[in-house]
Every structure is written in structure tokens, then in C-alpha cells.
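Commentary on secondary and tertiary structure
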Amino acid sequence: MEWKGVLSDSQKKLLKKNFGLKASRGCCTDILFLLIFLLGVAAYTVVIIFAFENGNPLRLIYGTDYLGNICGKTGKDNAPRQPMPDEQWRELEYLWYPFDEFMDLGDLRRTLDLGVCVAECPQEGDLVDRYLDPEGNIGKNLTEVYTVVYDSDQKLRRCVPLSANSTLGEKVQDIVDLLDVTDLFFEGVAAVDEAQTTVAASLGVAFLASMVWLLLMYLFALPLLIVSIAALTVVGEAGGYYLIQYADDMQADDDDDQKYVRGLGYTLMIVAGLFFLTCLCLWKQIYRGATMVRKGSKALASVPSMVVVPLLFTTLVLGVMALGVATLLYIQTMTTHSTENFSWGGEDVEALAGSVPTNKKYLHAYNIFFTLWAVVFLQDTGYLCIALVSSFWYFSKDANGSRGLFICSPLYAIFVAFTHHLGTTAFGSLIITICKAIRFVLLRMKERLTKLDGYAKCILKVAACCLWCLENVLSYLSEKAYVMTAIEGTNFCSSARHAIMLIAANFVSVIAVDIVVALMVLIGKLFIVVGTTLFAWYAFENLDLSPDVDSYWVPLILIAVMAYMVCTLYVKLFATVVDSLLLCYLVDKEFSPPAAAGYYDSMGDPSEDIAREHWNNNPDR
């Protein structure tokens, strides 16, 4: 394919090298951070193997008795202290807790360690046998039979009180309330299972609505932008006016609230007015942004296979998150059992109780940190791949003035990213992950340190806020750096420096494009989510796709969430393409000759193509 553009010969050679048109890209960028990431993968593999060998999530599902046995489970899924043959043990599938009238709030955790597996949940006055372990031990000073002091019923395979009386305490009532909520959750799951047909149809509608939205961006970007600006201004002014009127109608004794509501109304009206005036002042740049939005839609239409990239990396992200959650469950269920002395019913007793391995919290910390790093790493790599395809599309004009792009360019972009730039995405994602980790630690400190005075709490809040701002700024700059890596093939620091220089030199244009993209993204999310949810509601009411569903509020919420995920996938792809094309344009403009630079002030106008044709055909360039 012939390379056509307005760049100098040295820049043409550089871009040819970057995109592999005439030569390869060379070695991997930021290889040190790639090695660090690979070492992290190796360490995480060790953590996974250790957790899977020593943990068992079945303990969370079925419950574990005072000997460490899993109720109703035998063989490799159980502990070696099973006190009876397999056939009898499989019948004891519920876990009952010996809540006692002597139990105070401090004994609750101990009580949860003394559970007994039963065949059915006992009622008040029943006797529950405390079976022996294989050696005939039950624990010093503990009776072999419990007298039940409350009625119980099974929830999540646990026998819990039907209602908490004064002898059981508020802590047990909290458990009852929590399990009532889980019952509602499982009722919702059953409703979703019955509504599978409607959910599947709504998911298809969400994908179709996303395609329609991209088409609207290509055909009516500017009208939609004008309508959005006008609508936001009207909503802001109307909302402010309503708040002011509402404040005037409030009772006279609510003077402070009245002032607050009125001030909020005036603030909303001023912000809406400033927004409208800003859009008027930046209209030329906003028009460019609308043109860039249209070009982004055109790029997606030219390379429809680009949608493979976010689908692939979203699948990988979900896989990593699932692995992280599974590892967390296995680490959480790594429990050893030992004999401990504690007070029970006013007496000093000795019994077998669960204990937490000392390395558990460190395994949790590393699992959470590396899972987060891997998720950000995959998201950033997907962003880089989209930037590669967008840059390739922008700079690949053939002799006829059209951008002939082969259908496998997304696969080629993935190949280039994985063979040359994983170190760069590992570097950028590590920075973001460290910021997130520090902010998380600060938030935990604020929750734990309840005795801090007002100044200390204020300092922690300010620090967390500053870290949040820093994280967002670094995330924004890293995305721009990935685009520059896609264009120039440079490492993270060099790409970030060049991106900052371009943004600083074209600050108003970049902000205008960001505003336009944000508005278009807002329109897309509202259009897709609201449209899909309304279709689902109409289907439940009139189409009879799921006749067995009694209450469809939970399926509707799930459908709305799924529609949001689908639209996020597409609007993120769209926003990434637009951001990439914007930086491609700025790079192209930076290295264009002075004679052609003026044509770029009317980006998207046919004169741009005239400038390109003039420059490409000029033998003196």
C-alpha cells in the first residue's frame, strides 16, 4: 500500500516503520516494566496454586461445623474429621448454631465456630446431639447435647432464628435481616431465570441500538450536538427556576433550608448560562469537534472489524475479574482448626475453633492489587490496539484519495501491541493501579481510625480527594500517551511528553473535542439504556415472551445494567477512535508544511483533501 500524507520524508519513514508498511517496529518499548509485570504474573500464579490447594469455597455455601467438616459433603470436598459414614453424613446438610441465652455480643464469633450439622432445622425445646470426632473427643466441659432455645428455619443452608427475641440479641437479628435480604435476592434470580427470553431479546436490542447510535453520529452529529447543548441549557435554567420557586413556597421557619435551596437554584442557572456562553465562544472549535465525531463514525464504518478489539479485551477483563474473585474465595476459606479456651455460659471451656492463617491478609492484598493491575493493563492494551487501528486508518490514504484498509487490521494492531508495546501499557497501568491502591488504603484508614480528631479526618479526606484527581489526570494523560505510542512507536515517557506538548499547543481545540465527545457519549448512553429498558418493559407487558414472570422489576434492573455495559463498550470504542484521530490530526498538522497548515483550520472541509493532494503532488516538498 502506498503511503500518502503531508508529513516530511523523515516522518514518513518513521510512520512506515511504526506501522510495519516498509519495516518492522524494532524492540519492545518499556521492556523493564514488561519484565516486572511478568514477574507479577509468576508470583500471582503461586498465590493461585496455594489458595486453590488450601481453600474450599464450599465452606461458604454449605457451612462448616465445629470439627472443620463441611455439612453434607464427603470425600475430597470434606475435612478428615468426619464422625460417621458417608451415607449418614450426606443427610446432615444444614448447619445449626448453639445460640444461648447466656451469650453476650462478644460470644457471637465463638458461637459461629461451634456449629453442628443437622438433617433438619430444630425448633425451640428440641435436643441437638453434639457428635464425637473419630477419636471420641467433643471438647472439655462441653455437653454432648444442646437444648435449643429458638425456632429456626434454613436459609442458605444455615438454621437461623425465625425471629430474634431478647435472649438472642441484636447481633443475631442482624444475621436474620441479612439472610432475609438474600432470600429476596434469590427470588430475583428465579425471576431472571424465568425471563431468559426477554433478557436475550433485550440484549439484542441493546446491540442494535448501539449500531443505530453510531449511524446517527455519522449522519447527524452537528444537529444532535446543537440539540444537546440547547437541551442541557434549558434543563439547567428550568431546574434552577423551579428550585427558586420551591424555596419561595417553603415555610418561614425553614429559613436555612430556604436559603440553601434558593442558592442551589441560582447556582444551577448561572452554571447553565456559563455553559451556553462557553459553547458560543468555542463554537468554531466545537464545530471541529462535531466534524471529528463524524470522522470517528466514518472510521468505524470503514473498519467494522474494529469492534472485535473491545469485545476481546472485555472478555479477557471479565475472565481476570472472575479469577480474582475465585482466588479471593479460596483465600478466604483457608481455615485451620485448633483447640482454644474461652468463656461459654459463664464457664471456662475448651473447644475446637477455626483460626485464620497469618499470611491470609497478605495473600488478599496481593490478589486484589494484581487483579486490579491486570484489569487496568488489559483495558489499556485494548485502548492501544484501537489507537493503532485508528492511526493506521488516518495515515493510510491511497493514490485515489480513499483509505483502503484491510479487514484484518485489528488483528494486526493486536499483534503489534503484543509484540512491541506491552511494556508501555504495563508501565501506564502500574501507575494508575498504585494510585488506586494508595487511595484505597487512605479510605480504609479513615474508616478504621474512628478516634481521630476533626483535623486528622479532614487531612485524610483532602489527601484521598487529591489522589482521586491525580488518578484521573494520569489516566487521561496515559490514554493520550498510548495514542502517541501508536503513532510514533515511542516509549511511555516520550509519548506522554509529546502528547502533553500537543495538548498544551492546542488546548482549546482538545477541550472542545472532549466536550463534544462527552455530550455524544451522554446521548448514546441515554438512548441505548432507556430505549432497551423501555423495550423490555413493553415486552413484559404486551409481547408475552416470558409469561411465567410474576414480578419483572429485577429482570428490568438486570436488563438496564446489561444495556449499560453494552453501550459502554461501544461508546468507549467510539470515544477512543475520536481521541486517536484528534491526536493523529494534531501530529499531522504539526509536521505539515506552512503552506498547507492554514487548510487544517477548517478540518473536515474538502479543502483539507485539496491541501493533501497539493502537498503529495508537489515535487519540491
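The structure presented is a predicted model; accordingly, all values stated were derived computationally and were not measured. (Residues numbered from 1 in each chain as written. Predicted model: local features only at pLDDT ≥ 70, side-chain atom pairs only at ≥ 80, totals over all residues. Heavy atoms only, no water.)

Relative to the elements of secondary structure, S228 occurs in helix 7 (residues 196-249). Among residues more than four places away in sequence, those in contact with S228 are M520 and I523. (Helix = DSSP H or I, 4+ residues; strand = E, 2+ residues; numbered from the N terminus. Contact = heavy atoms within 4.5 Å.)

Here the focus is unusual backbone geometry. Its identity as a non-glycine residue notwithstanding, D30 has a phi of 50°, on the positive side. Within the secondary structure layout, D30 lies in the loop between helix 1 (9-19) and helix 2 (31-54). Using a relative accessible area of 14% as the deciding quantity, one classes D30 as buried. (Buried < 20%, exposed > 50% of the residue type's maximum accessible area, 1.4 Å probe, protein only.)

For helix 15 (residues 492-505), spanning 14 residues, the distance from its first C-alpha to its last is 20 Å, which sits close to the expected 20 Å at 1.5 Å a residue. For helix 15, the full list of buried residues reads F492, S495, A496, H498, A499, L502 and I503. Projected down its long axis, helix 15 carries its buried residues within an arc of 165°, all on one side. Away from its buried face by more than 90 degrees, helix 15 exposes M501, A504 and A505. The N-capping residue of helix 15, defined by a side-chain oxygen 3.4 Å from the backbone nitrogen of C493, is N491. (Expected span 1.5 Å × (residues − 1). Arc of directions from axis to C-beta. Polar contact = N/O pair within 3.5 Å; in protein donor to acceptor, adjacent residues only side chain to side chain.)

This paragraph deals with the packing of aromatic side chains. What the rule picks out here adds up to 17 aromatic pairs. Seen in terms of ring centroids, W213 and F574 are 5.1 Å apart; in terms of plane orientation they differ by 70°. Their pairing is edge-to-face. In this pair, W213 is assigned in helix 7 and F574 in helix 17 (residues 553-590), connecting sequence segments 361 residues apart. For W213, a relative accessible area of 1% translates into the label buried. On the basis of relative accessible area, F574 is assigned to the buried category, the value being 0%. Counting every residue linked through ring pairs, the aromatic cluster contains F37, Y44, Y366, F369, F370, W373 and F377. (Phe/Tyr/Trp six-rings, centres within 6.5 Å; stacked < 30°, edge-to-face > 60°.)

This brings us to helix 11 (residues 360-394). For helix 11, built from 35 residues, the straight-helix expectation of 51 Å at 1.5 Å per residue is met to within 8% by its first-to-last C-alpha distance of 51 Å. Among the 35 residues in helix 11, 27 count as buried, and that is most of the element.

In this section: the nonpolar core. Ranked by internal contacts, the top residues of the largest apolar core, which has 89 residues, are L225, V293, M306, M520, F574 and V577. For this core, the element with the most residues is helix 17, which contributes 17 residues. Sequence-distant contacts of V293, that is, excluding residues within four places in its chain, are made with M217, A221, V516, V517, M520, F574 and V578. Grouped together as the second largest cluster of nonpolar side chains are 21 residues, Y66, F99, V116 and V118 included. (Core = buried A, V, L, I, M, F, W, Y, C linked by side-chain atoms within 4.5 Å.)

Before going further, it helps to examine the sheet that holds strand 5 (residues 152-155). Sheet strands associate in pairs through backbone hydrogen bonding, adopting either a parallel or an antiparallel arrangement. Pairing is mixed across the open sheet formed by four strands, whose spatial order is 2-1-6-5. Two strands close off the open sheet at either side, each with one partner strand: strand 2 (116-118) and strand 5. Geometrically, the sheet is characterised by an average inter-axis angle of 45° between neighbouring strands, direction not taken into account. For strand 1 (residues 94-96) and strand 2, the ladder comprises three bridges, and the chain directions are antiparallel. In the strand pairing of strand 2, L95 is matched with C117. (Pairing = 2+ DSSP bridges. Axes fitted to C-alpha atoms, helices over the stretch in contact; angles between N-to-C directions.)

To continue, consider the pairing of strand 5. Here strand 5 runs beside strand 6 (residues 158-161); their pairing, made up of four bridges, is antiparallel. Among the inter-strand pairings, D153 is bridged to a residue of strand 6, identified as V160. The turn joining strand 5 and strand 6, which pair antiparallel and follow one another in sequence, is formed by two residues; a positive phi near 55° is taken by L156.

With that out of the way, let us pick up a nonpolar patch on the surface. There is a patch of nonpolar side chains on the surface, built from L60, I61, V325, L328, L329 and I368 and spanning about 480 Å² of accessible area. If you list the elements that add at least two residues to the nonpolar patch, you get helix 3 (58-62) and helix 10 (308-332). With three residues, the top contributor of residues to the nonpolar patch is helix 10. Topologically, L329 is positioned in helix 10. (Patch = residues over 30% accessible without salt bridge, like charges linked within 9 Å, V, L, I, M, F, W, Y side chains within 5 Å. Areas by Shrake-Rupley, 256 points an atom, 1.4 Å probe, with all protein chains shown as cover. Salt bridge = Lys/Arg side-chain N within 4 Å of Asp/Glu carboxyl O.)

We now examine the confidence of the model for the protein chain. Confidence in the prediction for the protein chain averages 76 pLDDT; 71% of positions are at 70 or higher. Averaged pLDDT values for the elements of the protein chain fall to 40 in helix 19 (residues 606-616) and rise to 93 in helix 2. Segment residues 1-12 is flagged for pLDDT under 50; beyond a separation of four residues in sequence, or across chains, it makes 38 contacts in the model. For residues 594-621, every residue scores under 50 in pLDDT, and the model assigns this stretch 43 contacts once sequence neighbours within four places are set aside. (pLDDT = per-residue confidence, 0-100.)

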